[in-house]
Amino acid sequence: MKPIIPFALLGALFAVGSASANNTDPVGYLTLGNTTALPDLPNNTDILVSVSLVQPTEFSGEVDSVASQVITVSGTPGWADDQWLPVDPATDDPYVITSDSGVLGLIVDNDGNTVTIDGAFDISSLAATDGLVIRKATTLQNFFAGNTVPSGLEVQLQSGSGVGTNLAFDVIYTNFGTWFDAGFGAADTAVLYPGEAFIIRNTTGSDMGSLVVTGEVQLQNSSALLAGGAGQQDTPFGYTSPVGETLADAGLVGASGDELLEYDNTATGINKAAAAVYTSFGGAEWFDAGFTDVKDTLELGSGNGFVYRRAAGAGDYDFSDQPNFVPTL
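Scoring rules and cut-offs
Residues numbered from 1 in each chain as written. Predicted model: local features only at pLDDT ≥ 70, side-chain atom pairs only at ≥ 80, totals over all residues. Heavy atoms only, no water. Core = buried A, V, L, I, M, F, W, Y, C linked by side-chain atoms within 4.5 Å. Buried < 20%, exposed > 50% of the residue type's maximum accessible area, 1.4 Å probe, protein only. Helix = DSSP H or I, 4+ residues; strand = E, 2+ residues; numbered from the N terminus. Contact = heavy atoms within 4.5 Å. Pairing = 2+ DSSP bridges. Axes fitted to C-alpha atoms, helices over the stretch in contact; angles between N-to-C directions. Phe/Tyr/Trp six-rings, centres within 6.5 Å; stacked < 30°, edge-to-face > 60°.

Considering the nonpolar core
1) Next: Membership of the largest hydrophobic core comes to 28 residues, with the highest contact counts inside it found for Leu140, Phe144, Val155, Phe198 and Ile200.
2) Next: Broken down by secondary-structure element, the contributors of at least two residues to this core are β3 (45-50), α1 (140-143), β10 (154-157) and β13 (197-202).
3) Next: Setting aside residues up to four positions removed in sequence, Leu140 forms contacts with Val155, Tyr173, Trp179, Ala187, Asp188, Ala190 and Leu192.
4) Next: Membership of the second largest hydrophobic core comes to 23 residues, among which are Ile71, Ile117, Ile123 and Ile134.

What follows is the structure, given as structure tokens:
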């Protein structure tokens, strides 16, 4: 048996790459998949995981103003035009901004003191003096960096267009030395967003002995949009933290009839059913099948993925929370 390594702090700190930043953020590594015995990802197995560590901070500052999708930062950062754009989108990772409250946006343009955010991202809640950071996005190539990836390994995400429950993971990337999308287009720089859970599927014929991700601890809020609808609606969901946070500490408050589906990443098999389902009756309490409240014992985080099933007619749940360890860093 091998020890569970939910998070280990490395003996080094990334320097924050900005003249406006005067602190450092901790970095570390996290073992995903079967944390009880090797291999981490056996053949013929799915694991549901999420982004728990992010890429190093390259700028930190404050919002001066927001107009539509354009953020003006305070001060005079002196950026070069297009500094926050990949030189070659096929091989270079794109950049994202994250605010202290967890608002996330993909950068599509910048000049000396403004960044323009892709219109698919809602940044309307940003306001003057909000803190923000710029870093490279987590992508397929940097998420798996340092691992031996067997040929044929898949990453499956949901497009967000599905309605209802038990939705297909309809965006599929496959590794054949580099990553490709379903049309066999280059996909090394496809983005894995914090707050979204995704499947790693190994049907390659070979075990993936070790699956270790490295990165910087995100000190901004973990956030996710948990979609609602006329009927029940599923959203793959992850808490952006390298250490576990109980449901109570994370402030996950359900509407009556909301469910949280948990999956067992130590079990083999593909298309696995949920190992446990927890139900809210409206409030902070979450009950298991035996009607025991698990809000103080069940943990989010540590790279695990969940499915949040929003009750029929409950509407969207814009979840945001600062992990408890952040103020102490």
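Next comes the rest of the account.
Structural notes on the pairing of β3
1) Next: Of all six residues that make up β3, six are buried, and the element is covered over most of its length.
2) Next: Here β3 shows no split at all, with Thr45, Ile47 and Val49 on one side and Asp46, Leu48 and Ser50 on the other all buried.
3) Next: Direction of pairing for β3 relative to β13: antiparallel, over a ladder of six bridges. The residue of β13 that forms the bridge with Asp46 is Arg201.

Some points on the sheet that holds strand β5 (residues 70-73)
1) Next: Pairing is antiparallel in the closed barrel, where six strands are placed in the order β4-β5-β8-β7-β6-β9. Within this sheet the neighbouring strands show an average axis-to-axis angle of 45 degrees, counted without direction.
2) Next: Summarising the sheet, strand β6 (residues 95-99) and strand β7 (residues 104-110) pair through three bridges and their orientation is antiparallel. Each bridged residue has a counterpart across the sheet, and for Ile97 the counterpart in β7 is Gly105.

As for the packing of aromatic side chains
1) Next: If you walk through the whole model with that rule in mind, you get 19 aromatic pairs.
2) Next: For the pair Trp84 and Tyr95, a centre-to-centre distance of 5.1 Å together with 70 degrees between the ring planes defines the contact as edge-to-face. Separated by eleven residues along the polypeptide, Trp84 in the loop between β5 and β6 and Tyr95 in strand β6 bring together distant segments of the chain. Note on accessibility: Trp84 and Tyr95 belong to one class, buried.
3) Next: Pairing Phe143 with Phe198 gives two aromatic rings, centres 5.6 Å apart and planes at 75 degrees, and the pair type is edge-to-face. Of this pair, Phe143 sits in helix α1 while Phe198 sits in strand β13, and the two are 55 residues apart along the sequence.
4) Next: The buried category is assigned to Phe143, whose relative accessible area is 6%.
5) Next: In this structure an aromatic cluster arises from ring pairing among Phe237, Tyr239, Trp286, Tyr308, Tyr317 and Phe319.

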